[in-house]
Amino acid sequence: MDTKTLIAEAKARFNHNSAKAYLKDKYDSKFIVADQNGLWRANPETINFLNSLVEEWVILIDTFDNPVKVKRVDLLYKLTDTYKNTMEEWYNEWAELEKKR
Amino acid sequence: MSRGILLFAFNSPKYNYYDMAVATAKRVNHFLDLPVTLVTDSESLPVRQTYEFDNILLAPADKTNKRDWGLWFNKGRYRAYALSPYDETILLDTDYMVNSNKLLKTFDLQTDFCCHDTTSFIMYPNAEQEPLSARSFNTLWATVIMFKKTKRAEQIFNCLEMVQKNFEHYSNIHGFISSTFRNDYGLTLATRIVNGHTYPKEDIIPWNLLHVGNKTIVYKNNNDEFNTEYTVMFDNWARGKIRKEYIVIKDTDFHVILKDNFMELISE
């Protein structure tokens, strides 16, 4: 029995809340970036902070609470790239999910 | 610098862990492009082997453990450090379904040892984390452990051996039931002891371990050997009735708690 038939026979209901929580779990991990001896989360706060500075080297607290000296532009580029790509994937999968409403 | 995956598989009267290990190893090769070493015993090895592991290490199974569904040969996981032929190893449970290359990220973490401390249950988003007991720590999970060949990692595995051998003593201290040895509990205590009863963030994999729990069944959405899309069906009890609910997941690693379900997923 294929899964579509199985769902129909069981009169199963698509659970949006669980699907949403699952997507958050799935994509949360994709924002994690290991770079320049630190572990980072590609989030708007970190990206904006890096963007607001002008120095070549800056010291940041990574997700392990360690101060790490990083080359600002390199980290900014990596985090921005990761953020954009991950959000794009997340959005596309979310849009697919919304069609099930 | 060598990297690889280590699996332990000792068949019990009820479950064929060797078959599970073969299925997991194939997925590891496909998604992670890493070699797999199997630790097993001669009784679990089939006469005709259809899959070639990087190494097969024979070690006697400790057959003194049991749980609600029968005998469970999960002891001796502390041997992983001594047995692993790799500089950097991921020790995986055989019922971990690899569907992506996510585990490779653990090698990039600035640590020599890490495992999960939080779980998410698919279809059960708000489930609480499991403590050793009401008056003890939240458990760490031995399902996925990344370790490097360092003195500290060796000490953690040595300590795991000590905890396993004195499990009843620790159960008295922490207030959990000792009749079934759990590597999760042993690991929780061992890492605490080695880290001076502190809880370093570096030892934690920075994402949740995804579980498929009870009352939840996973179905493959197609029969491709390396299928990554599944329908997860859940029996939701509400107002005295069971309501079937489902979601579809793809490209996501998960750990299947119900072994029968895992066996169905790996069957062709």
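Residues numbered from 1 in each chain as written. Chains lettered and ligands numbered in written order. Predicted model: local features only at pLDDT ≥ 70, side-chain atom pairs only at ≥ 80, totals over all residues. Heavy atoms only, no water.

Asks: What is the right way to read the overall build of chain B from this model?
Replies: In terms of helices and strands, chain B carries seven helices and 15 strands. With the C-alpha coordinates of chain B rotated into their principal frame, the extents come out at 45 × 45 × 40 Å. Taking all 268 residues of chain B together, the buried fraction comes to 55%. Taking the contacts inside chain B whose residues are at least 6 apart along the sequence as the reference set, 71% of them involve residues at least 24 apart. Approximately 11800 Å² of chain B is accessible, and the part contributed by carbon and sulfur atoms is 48%. (Helix = DSSP H or I, 4+ residues; strand = E, 2+ residues; numbered from the N terminus. Buried < 20%, exposed > 50% of the residue type's maximum accessible area, 1.4 Å probe, protein only. Contact = heavy atoms within 4.5 Å. Areas by Shrake-Rupley, 256 points an atom, 1.4 Å probe, with all protein chains shown as cover.)

Asks: How should I be thinking about the interface of chain A and chain B in this particular structure?
Replies: Often, the extent of an interface is quoted as the loss of accessible area upon association of its parts. Taken residue by residue, the interface counts 27 residues in chain A and 30 residues in chain B. Each partner contributes to the roughly 2600 Å² buried at the junction of chain A and chain B, and carbon and sulfur atoms together form 62% of this total. The largest contributions to the chain A side of the interface with chain B come from A:Arg13, A:Tyr22 and A:Phe64, which together make up 23% of the buried area. Counting across the chain A and chain B interface gives two salt bridges. Among the salt bridges present, the one from A:Arg13 reaches B:Glu245, with a minimum N-O distance of 3.1 Å. (Buried area = accessible area lost by both parts, 1.4 Å probe. Salt bridge = Lys/Arg side-chain N within 4 Å of Asp/Glu carboxyl O.)

Asks: Explain the packing of helix H3 (residues 44–52) of chain A against helix H4 (residues 72–98) of chain A here, please?
Replies: The description of two packed helices rests on the angle between their axes and on the distance between the axes. All names here are of chain A. Direction vectors running N to C along H3 and H4 enclose 145 degrees, while the axes themselves pass 10 Å from each other. Taken as a pair, H3 and H4 cross one another with a handedness that is left-handed. Counted together, Pro-44, Thr-46, Ile-47, Leu-50 and Asn-51 of H3 and Arg-72, Leu-75, Leu-76, Leu-79, Thr-80 and Tyr-83 of H4 form the full contact between these two elements. Residues of the contact of H3 with H4, tallied by class, amount to seven nonpolar, three polar and one charged. (Axes fitted to C-alpha atoms, helices over the stretch in contact; angles between N-to-C directions. Left-handed = near helix turned anticlockwise from the far one by under 90°. Nonpolar A, V, L, I, M, F, W, Y, C, P; charged D, E, K, R; others polar.)

Asks: What am I meant to see in the sheet that holds strand E12 (residues 216–220) of chain B here?
Replies: Each strand in a sheet pairs with its neighbour through backbone hydrogen bonds, running either in the same direction (parallel) or in the opposite one (antiparallel). The strand order across the open sheet formed by four strands is E1(A)-E14(B)-E13(B)-E12(B), and the pairing between neighbours is mixed. In this open sheet, the two edge strands, each paired with only one partner strand, are strand E1 (13–14) of chain A together with E12 of chain B. Bridging between E12(B) and strand E13 (residues 229–238) of chain B involves five bridges; their strand directions are antiparallel. From the neighbouring strand, B:Ile217 faces E13(B), where its bridge partner is B:Met233. Lying on the sheet, helix H2 (residues 16–28) of chain A is in contact with E1 of chain A together with strand E14 (241–250) of chain B; it crosses E14(B) at an angle near 30 degrees. Sheet strands in contact with helix H7 (residues 259–266) of chain B are E12 and E13 of chain B, and its direction is about 5 degrees off that of E12(B). (Pairing = 2+ DSSP bridges.)

Asks: Hey, could you run me through the nonpolar core in this one?
Replies: Inside soluble globular proteins, nonpolar side chains tend to come together where they are buried. Residue and element names in this part refer to chain B. The biggest cluster of nonpolar side chains holds 77 residues, and the ones touching the most others in it are Ile-5, Phe-53, Leu-92, Ile-122, Ile-247 and Phe-254. The greatest single-element share of this core, amounting to nine residues, is contributed by helix H1 (residues 17–32). Those residues in contact with Ile-122 that sit more than four places away from it in its chain are Leu-210, His-211, Val-212, Thr-216, Val-232, Ile-247, Ile-249 and Phe-254. If you look at the next biggest cluster of nonpolar residues, it comprises 33 residues, including Phe-10, Ala-59, Leu-160 and Tyr-170. (Core = buried A, V, L, I, M, F, W, Y, C linked by side-chain atoms within 4.5 Å.)

Asks: Please explain H3(A) as it appears in this structure.
Replies: Residue and element names in this part refer to chain A. The set of residues buried in H3 consists of Thr-46, Ile-47 and Leu-50. The arc that holds every buried residue of H3, seen down its axis, measures 100 degrees, which confines them to one face. Turned more than 90 degrees away from the buried face of H3, the exposed residues are Glu-45 and Ser-52. (Arc of directions from axis to C-beta.)

Asks: Honestly, the side chain of B:Thr40 in this entry has me stumped. Any pointers?
Replies: Within the secondary structure, B:Thr40 is located in strand E2 (residues 36–40). Residue contacts for B:Thr40: discarding those within four places in its chain leaves B:Ala9, B:Phe10, B:Leu45, B:Ile56, B:Leu57, B:Leu58 and B:Ala59.

Asks: What should I look at first to understand the packing of helix H5 (residues 167–174) of chain B against helix H6 (residues 183–194) of chain B in this one?
Replies: Residues and elements named next belong to chain B. Between H5 and H6, whose axes approach to 12 Å, the crossing angle comes to 80 degrees. When the interaxial angle is binned, H5 and H6 end up roughly perpendicular. Where H5 approaches H6, its residues Phe-167, Tyr-170 and His-174 are matched on the opposing element by Tyr-185, Gly-186, Leu-189 and Ile-193. Residues of the contact of H5 with H6, tallied by class, amount to five nonpolar, two polar and no charged. (Parallel < 35°, antiparallel > 145°, perpendicular 65-115°, else oblique.)

Asks: Could you clarify how one ought to interpret the sheet that holds strand E1 (residues 3–9) of chain B in this entry?
Replies: All names here are of chain B. As summarised here, the arrangement of the six strands in space is E3-E2-E1-E6-E10-E8, forming an open sheet in which the pairing is mixed. Taken across any chain shown, the strands that pair with only one partner, and hence form the sheet edges, are strand E3 (55–58) and strand E8 (113–116). The mean inter-strand angle of the sheet, taken between neighbouring strand axes irrespective of direction, is 20 degrees. Note that E2 and E3 share four bridges and pair parallel. Looking across to E3, one finds that Thr-40 is bridged to Leu-58. Contacts from H1 reach E1, E2 and strand E6 (88–92), with the element oriented near 165 degrees to E1. Strands E6, E8 and strand E10 (141–148) of the sheet are contacted by helix H4 (residues 151–165), whose axis makes an angle of about 150 degrees with E10.

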